[in-house]
Amino acid sequence: MRWHEDPPSGKQIEVLERIGFDPSSVPNKGYASALIDKIMTRKGLRLATPKQVHWLRRTDHPHPETATFDEASDWLSGRFVGRKAS
């Protein structure tokens, strides 16, 4: 559709920033819409958030994309709680 090529809307940028995406990496309204739809689907399925998936990957979780929100929280808490800042 023609509107897909328009720049992301202010609301889309706001939502993507809140979720943790860099809005400059989102080229158009169609891509922003697809990202937001995918994130809302993951939320409805109680899967890990994009930020959690990022940190699960960095901490060598075996299946970051399929971890639930609660599994991700537990995994990350076990890796970061009690650590001293360097």
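Conventions we followed
Residues numbered from 1 in each chain as written. Predicted model: local features only at pLDDT ≥ 70, side-chain atom pairs only at ≥ 80, totals over all residues. Heavy atoms only, no water. Core = buried A, V, L, I, M, F, W, Y, C linked by side-chain atoms within 4.5 Å. Buried < 20%, exposed > 50% of the residue type's maximum accessible area, 1.4 Å probe, protein only. Helix = DSSP H or I, 4+ residues; strand = E, 2+ residues; numbered from the N terminus. Contact = heavy atoms within 4.5 Å. Salt bridge = Lys/Arg side-chain N within 4 Å of Asp/Glu carboxyl O. Axes fitted to C-alpha atoms, helices over the stretch in contact; angles between N-to-C directions. Parallel < 35°, antiparallel > 145°, perpendicular 65-115°, else oblique. Left-handed = near helix turned anticlockwise from the far one by under 90°. Nonpolar A, V, L, I, M, F, W, Y, C, P; charged D, E, K, R; others polar. Polar contact = N/O pair within 3.5 Å; in protein donor to acceptor, adjacent residues only side chain to side chain.

**Q** Honestly, the nonpolar core in this entry has me stumped. Any pointers?
**A** The tendency in soluble globular proteins is for nonpolar side chains to be buried as a group. Counting eight residues, the largest nonpolar core consists of Val15, Leu16, Ile19, Val26, Ala32, Leu35, Ile36 and Ile39. Listed by contribution, the elements that provide at least two residues to this core are α1 (10-19) and α2 (29-44). No other element matches the four residues that α2 contributes to this core. When neighbours within four sequence positions are excluded, Ile36 is seen to be in contact with Gln12, Val15 and Leu16. The next biggest cluster of nonpolar side chains, apart from the first, holds six residues, and it includes Ala48, Leu56, Ala72 and Leu76.

**Q** Help me understand the pattern of salt bridges in this model?
**A** Between side chains of opposite charge, a pair can form when the charged atoms approach closely. Tallied over the full model, the rule gives four salt bridges. Between Arg18 and Glu14 there is a salt bridge; the shortest N-O distance is 3.8 Å. A residue pair is termed a helical-turn pair when its members lie 3 or 4 positions apart in one helix, as Arg18 and Glu14 do in helix α1 at four residues. The residue Glu65 makes a salt bridge to Arg57 at a minimum N-O spacing of 2.7 Å. In this structure, a network of salt bridges that share partners links the residues Lys11, Glu14 and Arg18.

**Q** Would you mind going over unusual backbone geometry with me for this structure?
**A** For residues besides glycine, phi is generally negative; the peptide bonds are generally trans as well. The backbone of Arg46 sits at a positive phi, close to 60°, despite the residue not being glycine. With respect to the helices, strands and loops of the structure, Arg46 is situated in the loop between α2 and α3 (50-58). The phi angle at Asp60 is positive, at roughly 60°, despite the residue not being glycine. As for its placement among the helices and strands, Asp60 is situated in the loop between α3 and α4 (69-80). Relative accessible area serves as the criterion here: at 66%, Asp60 is assigned to the exposed category.

**Q** Mind showing me how you'd approach the packing of α1 against α2 here?
**A** Two measures define how a pair of helices packs: the angle their axes make with one another and the distance between the axes. Packing of α1 against α2 brings their axes to within 10 Å, and their N-to-C directions diverge by 45°. Between α1 and α2, the angle falls in the class oblique. In this structure, α1 meets α2 at a crossing whose hand is left-handed. Across the interface between the two elements, Gln12, Val15, Leu16 and Ile19 of α1 pack against Lys29, Ala32, Ser33, Leu35, Ile36, Ile39 and Met40 of α2. Class assignment of the residues belonging to the contact of α1 with α2 gives a composition of eight nonpolar, two polar and one charged.

**Q** Teacher, can you tell me more about the environment of Ser25 here?
**A** Residue placement: Ser25 occurs in the loop between α1 and α2. The exposure class assigned to Ser25 is partly exposed, which follows from its relative accessible area of 44%. A polar contact of 2.6 Å, which involves the side chain of Ser25, links it to the backbone oxygen of Asp22.

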